[in-house]
Amino acid sequence: MAKLFRAVIMGPPGSGKGTISKRIAHNFGLQYLSCAHFLQELVATNKTEAGVLVKSYIDKRMLVPDQVVTKLMLPRLEQLSGHSWLLEGFPRTLGQAQALNELYQLDMVISLNVPFETLRERMSDKWIHPASGRVYNMTFNPPRVKGKDDITGEPLVQSEIDKPEALMARLRHYKDVAKPVLDLYKSQGILHSFSGTDTDRIWPYMNSILSAKLPTPNSESHSTPTS
Ligand SMILES: Nc1ncnc2c1ncn2[C@@H]1O[C@H](COP(=O)(O)OP(=O)(O)OP(=O)(O)O)[C@@H](O)[C@H]1O
Ligand SMILES: Nc1nc2c(ncn2[C@@H]2O[C@H](COP(=O)(O)OP(=O)(O)O)[C@@H](O)[C@H]2O)c(=O)[nH]1
């Protein structure tokens, strides 16, 4: 059996983590797990104490405490045993990274560096379908019908947290919290940073680095998944 590949993608809000993760997962056949989506699903389907607790933090836009999120994420990862995977949005803190480290040896940590002005422009153009979390950008990946979700046809909305002042605060918070995590992965020699203003320019470079590390079941260097 081929050796399993385990990776994490990090980057500030709007840096393209979700967009690039889907390309990586599609091209290299990795299981993609977004911590935020997983927590949202939990809140939507699980009305237990854990679901209510997680919701209280998400509603306040605060990070769910490390002990809570690791207790939920690590068993979820166990369900992926036997698969190669890519995690987005976990670990976010040093505590989460240390907990993950105790169970898994990561092969690669991808860090996206995108200038603030680019993030600001992208976010002002960003629309979401709240029920599913599907994300659109009016120039980069517009919906088929203006203002409507491709799958359900429901209206798209813009979020308060993507406005410039809120974005600046989220960015500052990201930098503070991510720094020790990035330092840890740098010291382990598994950190790969990618800088740029366009996902489509970062992607070929990232794709070639990944291709050297793992097989490509769906090898189409510029292919973009539909969802
Ligand atoms: N690893 C995590 N640890 C703690 N809380 C998390 C984690 N991942 C997601 N969350 C919770 O889910 C919420 C939404 O996360 P999400 O990553 O979508 O948004 P964000 O924090 O604004 O970052 P980004 O815009 O980069 O996606 C967070 O505000 C937090 O409450
Ligand atoms: N204009 C432009 N928008 C992009 C690019 N890459 C991603 N986006 C859009 O920027 C927004 C944030 O991307 P996303 O992948 O959700 O970033 P994340 O918050 O890091 O997961 C979305 O609306 C994307 O469609 C790009 O290269 N150019």
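Residues numbered from 1 in each chain as written. Chains lettered and ligands numbered in written order. Predicted model: local features only at pLDDT ≥ 70, side-chain atom pairs only at ≥ 80, totals over all residues. Heavy atoms only, no water.

The chain has the name GTP:AMP phosphotransferase AK3, mitochondrial in an unreviewed UniProt entry, where Mugilogobius chulae is given as its organism. As recorded by UniProt, the Subunit (unreviewed entry) comment attached to the chain reads in full: "Monomer." As its UniProt record puts it under Sequence similarities (unreviewed entry), the chain is described as follows: "Belongs to the adenylate kinase family. AK3 subfamily." (UniProt positions renumbered as here; feature names shortened; annotations may be inferred.)

### Focus on the UniProt feature "domain: Adenylate kinase active site lid" (unreviewed entry) in the chain
Under the local residue numbering, the UniProt record ascribes the feature "domain: Adenylate kinase active site lid" (unreviewed entry) to residues 127-158. For residues 127-158, helix accounts for 0% and strand for 22%, while the C-alpha atoms at its two ends are 5 Å apart. (Helix = DSSP H or I, 4+ residues; strand = E, 2+ residues; numbered from the N terminus.)

### What to know about the packing of aromatic side chains
For the structure shown, the criterion picks out two aromatic pairs. Taken together, a centroid distance of 5.3 Å and an interplanar angle of 80 degrees make the contact between W85 and Y104 edge-to-face. With a gap of 19 residues between them, W85 in strand β3 (residues 85-88) and Y104 in the loop between α5 (94-103) and β4 (108-113) connect regions that are remote in the sequence. Residue W85 is classed as buried on the basis of its relative accessible area of 0%. (Phe/Tyr/Trp six-rings, centres within 6.5 Å; stacked < 30°, edge-to-face > 60°. Buried < 20%, exposed > 50% of the residue type's maximum accessible area, 1.4 Å probe, protein only.)

### What about the nonpolar core?
With 33 residues, the main nonpolar core has M10, L77, L87, L100 and Y185 as its most contacted residues. Of all the elements in the fold, those that place two or more residues in this core are β1 (6-10), α2 (35-45), α3 (49-59), α4 (66-78), β3, α5 and α7 (164-187). Core analysis: the next-biggest nonpolar cluster, separate from the first, contains 18 residues, I9, F28, M108 and I110 among them. (Core = buried A, V, L, I, M, F, W, Y, C linked by side-chain atoms within 4.5 Å.)

### Things to note about the site of ligand 1
What surrounds ligand 1 is a group of 15 residues, the closest being K17, M62, G89, R92 and R170. In this structure, a nitrogen atom belonging to ligand 1 sits 3.0 Å away from a main-chain N or O atom of V64. R170 places a polar side-chain atom, nitrogen or oxygen, 2.7 Å from an oxygen atom of ligand 1. A total of 600 Å² of accessible area belongs to ligand 1 in isolation, and the protein chains cover 83% of it. By residue number, the principal contributor to the shell around ligand 1 is α2, which donates three residues. Grouping the constituent residues of the shell around ligand 1 by class yields ten nonpolar, two polar and three charged. (Near = heavy atom within 4 Å. Polar contact = N/O pair within 3.5 Å; in protein donor to acceptor, adjacent residues only side chain to side chain. Areas by Shrake-Rupley, 256 points an atom, 1.4 Å probe, with all protein chains shown as cover. Nonpolar A, V, L, I, M, F, W, Y, C, P; charged D, E, K, R; others polar.)

### Some remarks on the sheet that holds strand β2 (residues 31-34)
Taken together, five strands build an open sheet; the order of strands is β2-β3-β1-β4-β7 and the sheet is parallel. Looking at strand neighbours, the two that pair on one side only are β2 and β7 (191-195), the edges of this open sheet. With direction set aside, neighbouring strand axes in the sheet form an average angle of 20 degrees. Both β1 and β4 contribute to a ladder of four bridges, which runs parallel. Looking at β4, one finds that A7 is bridged to M108. Against the sheet, α7 makes contact with β1, β4 and β7, and its axis sits at roughly 150 degrees relative to β1, the strand it touches most. (Pairing = 2+ DSSP bridges. Axes fitted to C-alpha atoms, helices over the stretch in contact; angles between N-to-C directions. Contact = heavy atoms within 4.5 Å.)

### With respect to the confidence of the model for the chain
Confidence in the prediction for the chain averages 91 pLDDT; 94% of positions are at 70 or higher. With a pTM of 0.90, the predicted complex shows an ipTM of 0.96. (pLDDT = per-residue confidence, 0-100.)

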